[in-house]
Amino acid sequence: MTSPASPPARPGRDFRELLRELTRTEQVRGGLIVATDGLVIAAGLPPSIQVESVSALAATLGRELELRSPVLKRGAFLMAAFEGESGLMLLGTTRIGFLVVLAEPGARPGVRTAFRQALSALASAWGGRPPKR
Amino acid sequence: LVPALALRYRDGEAIAMKLARLWSAVAGERRAPTSSEIFARARRARDRGRFEAAAALVASGLEHDPDSIVGRLLSGSLHVIFREMEPAKADFERVLALDRHQPRALLGLARLALEEGDAAGSVALLRRALERYPDFPEAEALLDVIAARAAAPPAPPPVATAHPELDLRVPPISHELLFLARDGALLFAHPRSVPHEASAAHMLHVMELAEAIGIRCGHGALRRIVLDGATETVHARRDDGRTLSMTVRADLDADLAAGHLDRLWEAAVAEAPTTTP
């Protein structure tokens with residue numbers, strides 16, 4: 001229970017609320033916060049998608065990007081966009097793991113803006129580097 | 001006596017429980033939590049993203065019960081979350097010494113082997129996990145992606161010798177331009193003075209994983225990719241298994257980079273064959 005004197009929680013601290021907010025964005029189909037080891041911290045995906053498989057693959061993809069980006073002299077990995085014929089996936093790194101968002105193909109800039117804001121909220125709540133603008 | 005008094009009040013039961021707990025504490029009856037209870041608390045903390053608290057609990061539980069499989073698995077998981085891969089590996093190996101078929105430890109080690117570039121080792125560990133536990137979606141999904149790569153024949157020779165005729169007009173904004181065939185061979189690479197095998201292999205691996213996720217999410221074939229690093233960004237296009245990627249400065253206008261990439265893509269797909277000879 002929160003007493004009236006408690007300071008308001010930082011937005012990125014509440015994973016489920018952050019994800020709920022993000023998935024309310026127009027053209028967003030769902031989202032996932034997955035720890036580096038593939039553990040699902042919070043998920044809001046369409047029921048047709050098997051969360052465990054996607055989280056395991058997303059964590060592996062995130063780690064590949066995190067590990068190789070500096071080795072290839074591209075600097076620390078921040079985020080990635082993968083656009084398919086029928087959907088867009090955004091994946092960003094945070095100190096606690098990876099944020100994944102699924103959206104309509106050709107999603108408007110608002111989706112990317114909301115994604116970056118969510119990454120920034122996670123960085124401000126948990127530490128780490130916020131995404132570039 | 002104390003709980004009985006509390007029952008007179010409206011929220012009697014809840015108050016009674018609280019008072020009973022307080023009474024036990026005052027009377028010194030409170031027992032120390034068992035390691036199982038500590039690990040259960042740690043798991044709850046980890047599942048809610050309270051990783052530091054979870055790690056502290058796991059450390060305290062392992063002091064009392066260093067060979068707890070649950071404790072070692074939690075410890076390994078938390079080390080991975082904190083990107084401490086060597087201690088994570090030690091924890092997962094210790095679990096396997098206690099139970100050689102423990103699926104989470106096998107999955108943990110398989111992911112670490114993959115990070116170290118040992119695809120064959122990773123495949124062997126995932127197969128071991130799936131032999132005993134066939135209903136293990138995480139292991140199955142990873143095995144699907146990695147097994148194909150582990151079984152793939154060695155990459156054909158780079159394009160410098162295979163396709164000298166392919167001459168794309170590389171814009172000055174490009175730090176690296178790669179054109180990959182369906183079989184993963186380099187059809188074109190610029191600048192020619194530096195090796196590109198590492199970035200080509202990385203690009204292929206990223207696309208394999210992204211496509212595997214895309215298939216599971218109904219996204220269809222991968223078409224465009226943007227990888228943002230702190231100092232460089234990679235813009236890529238993909239179709240029919242062929243991939244063109246261009247690395248540029250991270251602060252370069254994304255539309256400008258995409259325009260150059262589209263022009264190069266048209267030229268590349270028109271000139272190059274789909275596979276290496």
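From a predicted model like this one, the values you see are computed outputs, not experimental measurements.

We now examine helix α7 (residues 103–115) of chain B. Residue and element names in this part refer to chain B. Taking 1.5 Å per residue, 13 residues should reach 18 Å; α7 reaches 18 Å between its end C-alpha atoms and fits that length. All of the buried residues along α7 are Pro 103, Ala 105, Leu 106, Leu 107, Gly 108, Leu 109, Ala 110, Arg 111, Leu 112, Ala 113, Leu 114 and Glu 115. Among the residues of α7, the N-terminal cap falls to Gln 102, whose side-chain oxygen and the backbone nitrogen of Arg 104 are separated by 2.8 Å. At the C-terminal side of α7, Gly 117 shows a positive phi close to 85°.

Right, let's talk about the pairing of strand β1 (residues 176–180) of chain B for a bit. Residue and element names in this part refer to chain B. Burial of β1 is extensive: five of the five residues sit out of reach of the surface. Neither face of β1 is left uncovered, since the one carrying Glu 176, Leu 178 and Leu 180 and the one carrying Leu 177 and Phe 179 both have all their residues buried. Summarising the sheet, β1 and strand β5 (residues 242–249) pair through five bridges and their orientation is antiparallel. If you follow Phe 179 over to β5, its bridge partner there is Leu 244. Here β1 pairs with strand β2 (residues 186–190) via four bridges, running antiparallel. Residue pairing across strands places Phe 179 opposite Phe 188, the latter belonging to β2. Hairpin connection between β1 and β2: a loop of five residues separates the two successive antiparallel strands, and Gly 184 in this loop has a positive phi of roughly 90°.

On to the interface of chain A and chain B, then. Listed per partner, the contact involves 56 residues of chain A and 50 residues of chain B. Interface area, chain A with chain B, both sides summed: about 4,400 Å², of which 59% is carbon and sulfur. Between Arg83(B) and Glu66(A) there is a salt bridge; the shortest N-O distance is 2.4 Å. Breaking the side of chain A that touches chain B down by element, the ones donating at least two residues are α1 (15–23), α2 (51–71), β3 (77–84), β4 (88–94) and β5 (97–103) of chain A. It is α2(A) that contributes the most residues to the side of chain A that touches chain B, 16 residues altogether. Taken together, the residues of the side of chain A that touches chain B break down into 28 nonpolar, 13 polar and 15 charged. Two elements, β3(A) and strand β3 (residues 222–229) of chain B, share seven bridges in a ladder whose sense is antiparallel.

About the cut-offs
Residues numbered from 1 in each chain as written. Chains lettered and ligands numbered in written order. Predicted model: local features only at pLDDT ≥ 70, side-chain atom pairs only at ≥ 80, totals over all residues. Heavy atoms only, no water. Helix = DSSP H or I, 4+ residues; strand = E, 2+ residues; numbered from the N terminus. Expected span 1.5 Å × (residues − 1). Buried < 20%, exposed > 50% of the residue type's maximum accessible area, 1.4 Å probe, protein only. Polar contact = N/O pair within 3.5 Å; in protein donor to acceptor, adjacent residues only side chain to side chain. Pairing = 2+ DSSP bridges. Contact = heavy atoms within 4.5 Å. Buried area = accessible area lost by both parts, 1.4 Å probe. Salt bridge = Lys/Arg side-chain N within 4 Å of Asp/Glu carboxyl O. Nonpolar A, V, L, I, M, F, W, Y, C, P; charged D, E, K, R; others polar.

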